Amino acid sequence: MRQDFRDFRLDRISRWEVTTDSFEGHEGFSVKEFLAEAITRHELTPVRARFSARAMERVKREMRCASMVPSRVREGWTEVEILVPCLDWLSGWLIGFGTEAEALDPPDLRGRLHRVASDLVTLYAP
């Protein structure tokens, strides 16, 4: 319809049916190049974060649609690379993990988390 690329979250599809229609794809399309261009246009930001084993269960549940590449870092912790459209949203999501998660890159995300944590200390200080 829009003559552009789209992605769809499968967890939001409420009904589907099998048809005889087919899709041949776009000649010369590369997901890798498409994502690299989205990063260049600042539509997506690559993020690295580390999660405890317990937190990874929640990450898998809540980030099902994200482009996520996990790798084991050390006993009980997993480092994850994620492409995200909004660092403000991600910082709020990450702060909810408390000490079960740590943002590694980009530095701007770490700064945002520091400000949120400082604001929380101010809000809840006796």
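1. Looking at helix 2 (residues 53-62)
- Those residues of helix 2 not exposed but buried are Ala55, Met56 and Val59. Within helix 2, the buried residues cover an arc of 105° as seen down the axis, which keeps them to one side. Seen from the open side of helix 2, the exposed residues pointing more than 90 degrees away from its buried face are Arg54 and Arg61.
- Summarising the contacts, the buried residues of helix 2 are in contact with strand 1 (45-52), strand 2 (68-74), strand 3 (77-84) and helix 3 (87-95).

2. Digging into the pattern of salt bridges
- Under the criterion given, the structure shown has 9 salt bridges.
- A salt bridge links Glu102 to Arg50, with the shortest nitrogen-to-oxygen separation between them at 2.7 Å. Taken together, the residues span a long stretch of sequence, with Glu102 in strand 4 (residues 101-105) and Arg50 in strand 1 at a distance of 52 residues.
- Taken together, the shared-partner salt bridges connect Arg48, Glu79 and Asp105 into one network.

3. Comments concerning the sheet that holds strand 4
- Strand order in the open sheet formed by 4 strands is 2-3-1-4, and the pairing between neighbours is antiparallel. Of all strands in the sheet, those with a lone pairing partner are strand 2 and strand 4, marking the two edges. With strand direction ignored, the average angle separating the axes of adjacent strands in the sheet is 25°.
- Here 8 bridges tie strand 1 to strand 3, and the two strands are oriented antiparallel to one another. Among the inter-strand pairings, Arg50 is bridged to a residue of strand 3, identified as Glu79.
- Packed on one face of the sheet, helix 2 meets strand 1, strand 2 and strand 3 and runs near 135° to strand 1.
- Where helix 4 (residues 107-124) meets the sheet, it contacts strand 1 and strand 4, and its direction lies at approximately 140° from that of strand 4.

Criteria and thresholds
- Residues numbered from 1 in each chain as written.
- Predicted model: local features only at pLDDT ≥ 70, side-chain atom pairs only at ≥ 80, totals over all residues.
- Heavy atoms only, no water.
- Buried < 20%, exposed > 50% of the residue type's maximum accessible area, 1.4 Å probe, protein only.
- Helix = DSSP H or I, 4+ residues; strand = E, 2+ residues; numbered from the N terminus.
- Arc of directions from axis to C-beta.
- Contact = heavy atoms within 4.5 Å.
- Salt bridge = Lys/Arg side-chain N within 4 Å of Asp/Glu carboxyl O.
- Pairing = 2+ DSSP bridges.
- Axes fitted to C-alpha atoms, helices over the stretch in contact; angles between N-to-C directions.

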